[in-house]
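Structural overview
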Amino acid sequence: MTPDPKDIAPWITYRPELKVLDCTVRDGGLVNDHHFSDDFVKALYHTCVEAGIDYMEIGYKASKRVFQRDRFGTWKFCDEDDVRRVVGDNPTSLKLAAMMDAGKSDWKTDLLPKDRSVFDMIRVAFYVHQTVEACEMIKAAHEKGYETSANLMAVSQATEVEIEQCLELVAETPAQVVVVVDSFGALYTEQIERLVKKYLGYAKERGKEVGIHAHNNQQLAFANTIEAIIHGANRVDASMGGLGRGAGNCPMELLIGFLRNPKFRIRPIYQFLQDWIEPLRAEVEWGPYVQYNITGQLNLHPRAAIEARKNPEDRNKYVEFYDRVTAES
Ligand SMILES: C[C@H](O)CC(=O)C(=O)O
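Residues numbered from 1 in each chain as written. Predicted model: local features only at pLDDT ≥ 70, side-chain atom pairs only at ≥ 80, totals over all residues. Heavy atoms only, no water.

A closer look at the pairing of strand 7 (residues 209–214)
Looking down a regular strand, the side chains alternate between one sheet face and the other. Our working rule: Working definition: with a 1.4 Å probe on protein chains only, accessible area under 20% of the residue-type maximum means buried, over 50% means exposed, and in between means partly exposed. By the criteria applied, helices consist of DSSP H or I runs no shorter than four residues and strands consist of E runs no shorter than two, each listed in order from the N terminus. If DSSP finds at least two bridges between two strands, the strands pair. When the strands point away from the viewer, a crossover counts as right-handed if the route from the first strand across the helix to the second turns clockwise.
The buried fraction of strand 7 amounts to five of the six residues, a majority that puts the element mostly inside the structure. Inspection of the sheet shows strand 6 (residues 177–182) paired to strand 7 by six bridges, in the parallel sense. Across the sheet, residue Val 181 finds its bridge partner in strand 7, namely His 213. Remark: the strand 7/helix 7 (residues 221–230)/strand 8 (residues 235–238) crossover connection has right-handed handedness.

What follows is the structure in structure tokens.
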């Protein structure tokens, strides 16, 4: 059989259906409590438009009952007026997404009907025990007119049977996308392959796409993202300079350098790194530091590593950190 020309050297061709989501402000908000200036978010928005990125996740729609409004920045709540101050009515082809956490958002009351909102997509983030609420959230957002995505977090800690039960329930919802989320940066490429194939098994026949959201604890976020793409993930998350919680995410500059669709342009991304990400490094820290390597290897939430790196004097006490977390786990 003659192979499809697209399959001979797929890394020099492209899949038109593959879409990229920028999660810089949303995941990066977990580093600075969402205190990004309007100018930063505006510059990122224009960069995403110029770079041909498909979606920009501009923040969370978090509950103001659960989180104090004055302790967090604008992008934790993404009120419609705040977002419009930066993007106007968004007269571009870049779609805007917000994330809503199960258990931490007022999804019954906080979502406007789509025709009155600047948002296009709601991504529902949940842990496996919150699957039932997440399915209700997805249905509610869909009924209001939004595209929806199901992001099962911390999948590296869920059992096989829990993942399967979750996917069965999510498959029955209107979610267009189901994302493999490696919250702890714990997964290796072989595991990514298995998970993407498993997710596709539930998603594909219902017309849903599979996505990938990788963390960089073991410096595998880019490699795992490529692996997910190879096995059929068509929705891909990345952030500028890898900005994101703890070790950060798959760097956008690497991802766009890898993708071959001519609609993507890398130059505006370098401009954004130069103008906005490098100055930010002087204020906040993210990246695959040793404490994050350790929590990734142990398949643990990065919170202990984040805590350990808070005090600059203690940052290099790797052995003490290693001994503590291995004694606790
Ligand atoms: C579900 C989201 O992608 C949340 C997140 O960033 C995570 O890693 O978990």
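Next comes the rest of the write-up.
With respect to the site of the ligand
Stated precisely, the cut-off is as follows: Nearness of a residue to a molecule or strand requires only that one of the residue's heavy atoms be within 4 Å of it. Definition of a polar contact: a pair of N or O atoms within 3.5 Å, with one able to donate and the other able to accept a hydrogen when the atoms are protein atoms, and with sequence-neighbouring residues admitted only if both atoms are side-chain atoms. Values of accessible area rely on a 1.4 Å probe in the Shrake-Rupley scheme; residue burial ignores everything except the protein chains shown. Gly is put with the polar residues, along with every residue not named as nonpolar or charged; the nonpolar set is Ala, Val, Leu, Ile, Met, Phe, Trp, Tyr, Cys and Pro, and the charged set is Asp, Glu, Lys and Arg.
Contacts to the ligand come from Arg 26, Asp 27, Met 99, Ala 125, Asn 151, Met 153, Val 181, Ser 183, His 213 and His 215. Between the ligand and the protein, one listed contact pairs an oxygen atom with a side-chain N or O atom of Arg 26 at 3.1 Å. In the complex, the protein chains occlude 99% of the 270 Å² of accessible area that the ligand would expose alone. The residue inventory of the shell around the ligand, partitioned by class, reads four nonpolar, four polar and two charged.

So, the packing of aromatic side chains
Test applied: Pairing of aromatic side chains here covers Phe, Tyr and the six-membered ring of Trp, requires ring centres within 6.5 Å, and sorts the geometry by plane angle: under 30 degrees stacked, over 60 edge-to-face, intermediate tilted. We count a charge as sitting over a ring when the NZ of a lysine or the CZ of an arginine lies within 6 Å of the ring centre and within 35 degrees of the ring normal.
Evaluation of the coordinates by the stated rule reveals five aromatic pairs. Lying across the ring of Phe 67, Lys 76 places its NZ or CZ 3.9 Å from the centre. A cation over an aromatic ring shows up here: Lys 76 above the ring of Phe 72, its NZ or CZ 4.8 Å from the ring centre.

Some remarks on the UniProt feature "domain: Pyruvate carboxyltransferase" (unreviewed entry) in the chain
Counted only if it meets this: UniProt positions are given in the numbering used here, feature names are shortened, and annotations may be inferred rather than shown by experiment.
The feature "domain: Pyruvate carboxyltransferase" (unreviewed entry), as given by UniProt, occupies residues 18–274 in the numbering adopted here. In residues 18–274, helix accounts for 37% and strand for 18%; the two terminal C-alpha atoms are 27 Å from one another.

Describing the pairing of strand 2 (residues 55–60)
By the criterion of burial, strand 2 is predominantly enclosed, with six of the six residues buried. Pairing analysis gives two bridges linking strand 1 (residues 19–22) to strand 2, with the strands arranged parallel. Residue Asp 22 lies in a different strand from strand 2, and its bridge partner there is Met 56. With five bridges connecting them, strand 2 and strand 3 (residues 95–101) associate as parallel partners. From the neighbouring strand, Gly 59 faces strand 3, where its bridge partner is Ala 98. Traced from strand 2 through helix 3 (residues 80–87) to strand 3, the parallel crossover comes out right-handed.

Looking at the pattern of salt bridges
The cut-off we apply is this: Here, a salt bridge means any side-chain nitrogen of Lys or Arg that lies within 4 Å of a carboxyl oxygen of Asp or Glu.
On inspection of all chains with the given rule, the structure shows 26 salt bridges. A salt bridge links Arg 309 to Glu 285; the shortest N-O distance between them is 2.6 Å. Of this pair, Arg 309 sits in the loop between helix 11 (303–308) and helix 12 (318–328) while Glu 285 sits in the loop between helix 9 (267–281) and helix 10 (290–297), and the two are 24 residues apart along the sequence. A relative accessible area of 6% places Arg 309 in the buried class. Ionic pairing is found between Asp 314 and Lys 317, a salt bridge with its closest N-O pair at 2.9 Å. Look at Asp 314 and you get partly exposed, because its relative accessible area is 28%. Look at Lys 317 and you get partly exposed, because its relative accessible area is 38%. Put simply, Arg 26, Asp 27, Glu 57, Arg 123 and Asp 237 are held in one network by salt bridges that share partners.

Section: unusual backbone geometry
Non-glycine residue Asp 33 carries a positive phi angle of around 55°. For Ala 154, which is not a glycine, the phi torsion comes out positive at approximately 50°. Inspection of the secondary structure puts Ala 154 in the loop between strand 5 (147–152) and helix 5 (160–171).

Focus on the confidence of the model for the chain
In low-pLDDT regions, the fine details of the predicted coordinates are not to be read closely. What counts is decided by this rule: The quantity known as pLDDT measures the predictor's confidence residue by residue, on a range of 0 to 100.
Here the chain averages 97 in pLDDT, while 99% of its residues score no lower than 70. Interface predicted TM-score (ipTM) for the complex: 0.89; the corresponding pTM is 0.97.

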